[in-house]
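# Architecture at a glance
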Amino acid sequence: MLRKLLLLVVTAAYAWVIWRMTLTPHVFSDAQQSLVWHAISWAQHLPGGSWLTYDRTEFLANIAMFVPVGMIAAMWFPRRWWFLAAVLAVGLSAGIEVTQGALLPYRVADPHDVLSNGMGGLLGATLVGLVRSLTPAPRRRRLRARTV
């Protein structure tokens, strides 16, 4: 019971993070956006860092943002159904992009985000599926009818 309550709290908290990052007018202030640009510029000057563009950084950040979505979702499903968490992540991402395109003129709906978010969800769900497959299944109490 405590496990489910903790999972519910984590789910609600991360749902708020996803909502804040995807369905509000501004994710970053101008100062934060400037900091992102400076960090990318700095990384590009490192040896081998020239491949890191803003678009690639955003793609990787979208993957990273949905890894916890896949992990949390996989923990709600039974052990054998972990892969449904990846499907759920893709559905959530598609819903976000449709909402951004239809209702949020200050946001840009991008099909690449569905791909990157889906990859993150798949990665997170796969990690949970792998860990669960390597650990023994919890024992369940079985009520046996006693014959008297």
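Here the structure is shown first, and the text comes after it.
Now for a look at the structure at hand. (Residues numbered from 1 in each chain as written. Predicted model: local features only at pLDDT ≥ 70, side-chain atom pairs only at ≥ 80, totals over all residues. Heavy atoms only, no water.)

Moving on: the overall build of the protein chain. Each helix and strand counted, the protein chain has 5 helices and 0 strands in total. Listed by position from the N terminus, the elements making up the protein chain come as α-α-α-α-α. Computed over its C-alpha atoms, the radius of gyration of the protein chain comes to 20 Å, more than 25% above the 15 Å expected for a compact globule of 148 residues. Overall, the protein chain is about 80 × 40 × 25 Å in size when its C-alpha atoms are taken along their principal axes. Expressed as a percentage of the 148 residues in the protein chain, the buried residues total 27%. Taking as baseline every contact in the protein chain between residues at least 6 positions apart, the subset at least 24 positions apart corresponds to 70%. Here the protein chain displays about 10,800 Å² of accessible surface, and carbon together with sulfur accounts for 70% of that area. (Helix = DSSP H or I, 4+ residues; strand = E, 2+ residues; numbered from the N terminus. Rg over C-alpha atoms; globule rule 2.2 N^0.38 Å. Buried < 20%, exposed > 50% of the residue type's maximum accessible area, 1.4 Å probe, protein only. Contact = heavy atoms within 4.5 Å. Areas by Shrake-Rupley, 256 points an atom, 1.4 Å probe, with all protein chains shown as cover.)

What follows concerns the side chain of Thr24. For Thr24, the position within the fold is in the loop between helix H1 (2-22) and helix H2 (30-44). A polar contact of 2.6 Å, which involves the side chain of Thr24, links it to the backbone oxygen of Arg20. When residues no more than four places from it in sequence are discounted, the contact partners of Thr24 are Trp19, Tyr106 and Arg107. (Polar contact = N/O pair within 3.5 Å; in protein donor to acceptor, adjacent residues only side chain to side chain.)

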